[in-house]
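What follows is each chain in one-letter form.
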Amino acid sequence: MIKEKLDKILLKVQKPSRYIGGEVNSVIKDKSKVDIRYAFCFPDTYDIGMSHLGMKILYSLKNSKPNYWCERVFMPLPDMEEAMRENDIPLYGLESLDPIKDFDFIGFTLQYELCYTNILSMLDLAGLSVYSKDRKDLFPIVMGGGPCVCNAEPIADFFDLFVLGEGEEVNLELMELALTFKKNGGTKQEFLEKAAQIEGVYVPSLYDVSYNDDGTVSAITPKCGAPAKVKKRIIADFDSVYSPDSFVVPFTQIVHDRSVVEVLRGCIRGCRFCQAGFIYRPFREKSKKTIVEQVKNLTESTGYDEVSLCSLSTSDYSDIEGLLCDITDYTDAKGVNLSLPSLRIDNFSDEVVKKIKSVRQSGLTFAPEAGSQRLRDVINKNITEEDIMKSCKIAFEGGYSSVKLYFMLGLPTETLDDIAAIKTLADKIIDLYYTIERRSKRGISISISLSTFIPKPFTPFEFEPQATKEQIDERQKYLLDIVRSKGGKRIDVSWSHYETTILEAVFARGDRRVSAVIYDAWKNGCKLDGWNEYFKPEIWDQAFINTGIDKAFYANRTRSYDETAPWDHMDMLFTKDFLISENKKAHEEKTTAHCREKCAGCGINKCLGKACFKYGE
Ligand code: SF4
């Protein structure tokens, strides 16, 4: 039925191969032998979602069980969504082309706050009510996972449940529970109450939130036996964590069109602005043997000629050089390229450069984040100018001639001197290049990418205000003026739009009342907000007016250490006291050593019942 309708519209939309399924390694099952059907929804386009490793892992994991069938679903672009609505085609799974409203689970991965309106569009296109309270039937259960769950309050009213932390085990536990309910019967409320007893499951309807007169949260009260704090799930034995042997290989080009192997989870650094560095703690890595095996399996099963090693900071792998030797023994023999997207500069050695020089690299990217050492100390980006210069020297000697530098504007305690230091640092890199490449006609290409600092929950900067638009405009202009001043060296500068970053800031630290803005903006036409071409700032502005929600209250306000945060009922296994002490150290311009050097006492080791690293060996 859907297939026939699709045949009529596919040639009228761009890149129809996004919408037809049938790719190599996609999983087709006999419906009569399947007990639980799961629609894995990525709330962005196929091109982005198909590049996402988490989706590949959970898709394969669920499908490894004979009686479970997981299908992929992506956000259609406006031309396709319009054609689907005109032709009464509900949102469907790419494998079966069946409507997802008939599935048992609809699971969204929440990677990025600006995808929230896409979730509403997808639920609506599926033919479901967007509010959880209006979906009375037991199935489908609408659930969410991924980093945004650490504060899912702004979208809590749309979801039945969330998974906090790593999903490999808990997803299967929820599917088992659903199977029991299918056999024995039960209501949605009964299912949710049982699900809330599974570690890592957060059922927002089982918590009442009250507010103080000043608008801050007064209390978050569990009911119906839900735990006072929802504890993050982690996979303790990471070396044996499920990893797919094959990936779905798309017909059309996607953002990251290659095999990807996860080498480690967590991060030993403690960059104070970085949510991922905190919420994915503790640091765990796979053995070299396991990683090389996975590289081989994926290369054989996908036919890709490129494999990427993925993590928050691949060069923090304990034996990165040994690992690269082992992998390149195989990839060189097979003619497969190896890419390493997340290298840190302070441990970017000669050996590593030699290993990656043989692979495709368009340029060198560094993220000092702040121009001055003072501000790098505030944010605990434990790298010095000397480290940066050393890494650049090795890279230039290795033949690189293009450098991209990432910085943030609006960091806590930032002054115009810190911004001027961005230009000084770029100039020094240029000078260094010409001392090395003196006789070469090849010029250096250097670009500065500026993002706006967004305070995120579960970081030491969760208490900090986001800089206002006026402050960011002033600082951008200051930098541009000095970069473009007479006699200045040629440096390209790009920056993010404040209108989207403030939305991200509101959603990141919002409470349940913020859902009204998301609903209003979506109802009036907002979706694909992470895409410049589809972002509609005037509708968002109107939505804030319509709902009486004050952006500045959520984004630009300093929060006291003792304020109840909307996410205080989430337990990420480290303590709030640790975040407070890190925040105080930031204001004292003091750094904290990384976890491999010295444990800073965040508290995760107590939950694990052992130290994260062996010290003094
Ligand atoms: S317990 Fe110590 S070593 Fe482990 S993540 Fe926390 S600070 Fe790092």
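Here the structure is a predicted model, which is why all the values come from computation and not from measurement.

Judged by nonpolar contacts, the single largest core of 161 residues is most densely connected at Tyr-92, Phe-105, Phe-108, Leu-161, Phe-191, Ile-429 and Trp-540. Counting contributing residues per domain, this core is built from domain 1 (2-231) and domain 2 (234-360 + 574-617), each supplying no fewer than three. When near neighbours in sequence (up to four residues on either side) are disregarded, Trp-540 contacts Thr-117, Leu-503, Phe-507, Val-517, Ile-518, Ala-521, Cys-526, Asp-529 and Phe-535. If you look at the next biggest cluster of nonpolar residues, it comprises 26 residues, including Tyr-330, Leu-338, Leu-340 and Phe-613.

Time to look at the domain arrangement of the protein. Quite often, the size of an interface is put as the accessible area lost when its parts meet. According to the domain assignment, the protein contains domain 1 (2-231) and domain 2 (234-360 + 574-617). Each of domain 1 and domain 2 was reduced to a C-alpha centroid, and the two centroids are 28 Å apart. Listed per partner, the contact involves 27 residues of domain 1 and 26 residues of domain 2. Between domain 1 and domain 2, a total of about 2400 Å² is buried, with carbon and sulfur atoms accounting for 64% of that surface. It is Asn-25, Leu-53 and Glu-166 in domain 1 that bury the most area against domain 2; as a group they hold 25% of the surface buried on that side. Our enumeration of links across domain 1 and domain 2 arrives at 3 salt bridges. The residue Arg-284 makes a salt bridge to Glu-166 at a minimum N-O spacing of 2.7 Å. Only α2 (46-49), α3 (53-63) and α6 (167-184) provide two or more residues apiece to the side of domain 1 that touches domain 2. The biggest single contributor to the side of domain 1 that touches domain 2 is α3, with 6 residues. Each residue belonging to the side of domain 1 that touches domain 2 can be placed in one class, and the counts come to 11 nonpolar, 8 polar and 8 charged.

On to the sheet that holds strand β17 (residues 445-452), then. Read from one edge to the other, the open sheet built from 4 strands follows the order β15-β16-β17-β18, with strand pairing classed as parallel. Edge strands, defined here as strands with exactly one partner in the open sheet, are β15 (364-369) and β18 (492-495). For this sheet the average axis-to-axis angle between neighbouring strands, irrespective of direction, equals 20°. Relative to strand β16 (residues 402-409), β15 is paired through 4 bridges, and the arrangement is parallel. Bridging across to β16, Leu-364 finds its partner in Val-403.

Quick notes on the rules
- Residues numbered from 1 in each chain as written.
- Predicted model: local features only at pLDDT ≥ 70, side-chain atom pairs only at ≥ 80, totals over all residues.
- Heavy atoms only, no water.
- Core = buried A, V, L, I, M, F, W, Y, C linked by side-chain atoms within 4.5 Å.
- Buried < 20%, exposed > 50% of the residue type's maximum accessible area, 1.4 Å probe, protein only.
- Domains from an automatic or database assignment.
- Contact = heavy atoms within 4.5 Å.
- Buried area = accessible area lost by both parts, 1.4 Å probe.
- Salt bridge = Lys/Arg side-chain N within 4 Å of Asp/Glu carboxyl O.
- Helix = DSSP H or I, 4+ residues; strand = E, 2+ residues; numbered from the N terminus.
- Nonpolar A, V, L, I, M, F, W, Y, C, P; charged D, E, K, R; others polar.
- Pairing = 2+ DSSP bridges.
- Axes fitted to C-alpha atoms, helices over the stretch in contact; angles between N-to-C directions.

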